[in-house]
Amino acid sequence: MEYIKAAFNHRISYCFAIILFAVNSAVGQTSSQEQMEKLNFMIGDWIGVSTTYQNDTIAKQVSAVEKISYKLNKNLITIDLQSEILQLHTVIYYDEKDEKYYYNSYYETGTGKYAAEYKDGKFIVWPSKSKRFIFHLTSEGNFQEYGEKLENGKWIKYFEDNFKKSPEN
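Residues numbered from 1 in each chain as written. Predicted model: local features only at pLDDT ≥ 70, side-chain atom pairs only at ≥ 80, totals over all residues. Heavy atoms only, no water.

K.L.:
Mind showing me how you'd approach a nonpolar patch on the surface here?
P.N.:
A contiguous nonpolar surface patch, about 230 Å² in accessible area, is contributed by I85, L86 and Y107. Checked against the element boundaries, Y107 lands in strand β5 (residues 100-107). (Patch = residues over 30% accessible without salt bridge, like charges linked within 9 Å, V, L, I, M, F, W, Y side chains within 5 Å. Areas by Shrake-Rupley, 256 points an atom, 1.4 Å probe, with all protein chains shown as cover. Salt bridge = Lys/Arg side-chain N within 4 Å of Asp/Glu carboxyl O. Helix = DSSP H or I, 4+ residues; strand = E, 2+ residues; numbered from the N terminus.)

Structure (structure tokens):
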């Protein structure tokens with residue numbers, strides 16, 4: 001009888017441990033997913049214009065297409081940008097341990113991994129202290145991303161992409 005009682009208690013403890021592990025895993029996933037869902041405004045198929053600036057003057061404008069989607073049960077976001085000047089694949093994720101987002105870009109001539117944050121409805125990527133990329137929705141509901149450099153204490157825009165939802169959406 002003692003053997004049966006001990007075996008039963010052991011099984012109960014084992015089941016409890018499995019349930020506890022499962023609940024902790026689910027909560028962890030939910031936290032990461034909640035952070036990623038703040039970036040929901042980016043999701044979609046977008047078409048628009050990419051503009052580069054030089055000395056506050058438009059240097060070049062080209063058509064651009066961008067596909068932004070969730071992957072792995074909303075734990076990642078991928079961005080695929082295609083234009084005449086740039087082809088870019090990006091992976092964004094939230095690291096619960098660091099409590100920050102990471103923006104990993106892959107392009108023809110290299111890669112980059114940058115810390116990022118979500119602040120005041122904008123996703124801000126920090127390649128350096130003097131360079132940032134900002135993603136947000138405009139007041140018209142269009143998607144915009146732009147890059148700025150800090151020069152002489154002032155943020156200067158050096159590129160801007162303006163997108164509307166693709167008609168296929």
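K.L.:
Where do I start with the environment of K38 in this structure?
P.N.:
Among the secondary structure elements, K38 is positioned in the loop between α1 (2-37) and β1 (44-54). Overall, the relative accessible area of 37% leaves K38 in the partly exposed class. Among the polar contacts listed, one links the side chain of K38 to the side chain of Q35, at a separation of 3.2 Å. (Buried < 20%, exposed > 50% of the residue type's maximum accessible area, 1.4 Å probe, protein only. Polar contact = N/O pair within 3.5 Å; in protein donor to acceptor, adjacent residues only side chain to side chain.)

K.L.:
Any chance you could explain the nonpolar core here in plain terms?
P.N.:
In a soluble, globular protein the nonpolar side chains are often hidden away together inside. Counting residues in hydrophobic clusters, the biggest one holds 27 residues, and the most contacted among them are M42, I92, Y103, F123 and F135. Elements with a minimum of two residues in this core: β2 (57-71), β3 (76-83), β4 (87-95), β5, β6 (110-119), β7 (122-128), β8 (131-137) and β10 (154-165). Ignoring anything within four residues of it in the chain, the contact list for F135 reads F41, M42, I79, Y103, G121, K122, F123, V125, F143, Q144 and E145. (Core = buried A, V, L, I, M, F, W, Y, C linked by side-chain atoms within 4.5 Å. Contact = heavy atoms within 4.5 Å.)

K.L.:
Teacher, can you tell me more about the confidence of the model for the protein chain here?
P.N.:
Detailed reading of the predicted model is not advised wherever pLDDT is low. Here the protein chain averages 87 in pLDDT, while 82% of its residues score no lower than 70. Segment residues 20-29: pLDDT under 50, and three contacts once partners within four positions in sequence are set aside and those in other chains are kept. (pLDDT = per-residue confidence, 0-100.)

K.L.:
Please clarify how the sheet that holds β5 should be interpreted in this entry.
P.N.:
Remark on secondary structure: sheet strands pair via backbone hydrogen bonds, oriented parallel or antiparallel. The strand order around the closed barrel built from ten strands is β1-β2-β3-β4-β5-β6-β7-β8-β9-β10, with neighbouring strands paired in antiparallel fashion. Strand after strand, the sheet turns through a mean of 25 degrees between neighbouring axes, direction not considered. (Pairing = 2+ DSSP bridges. Axes fitted to C-alpha atoms, helices over the stretch in contact; angles between N-to-C directions.)

K.L.:
Looking at this structure, I do not really get the environment of Y53. What am I missing?
P.N.:
Relative to the elements of secondary structure, Y53 occurs in strand β1. With a relative accessible area of 23%, Y53 lands in the partly exposed category. Residues Y53 and F159, 106 residues apart in the sequence, show an inter-C-alpha distance of 5.8 Å. Filtering out sequence-adjacent residues up to four positions away, Y53 remains in contact with I58, A59, K157, Y158, F159 and E160. Among the polar contacts listed, one links the side chain of Y53 to the side chain of E160, at a separation of 3.4 Å.

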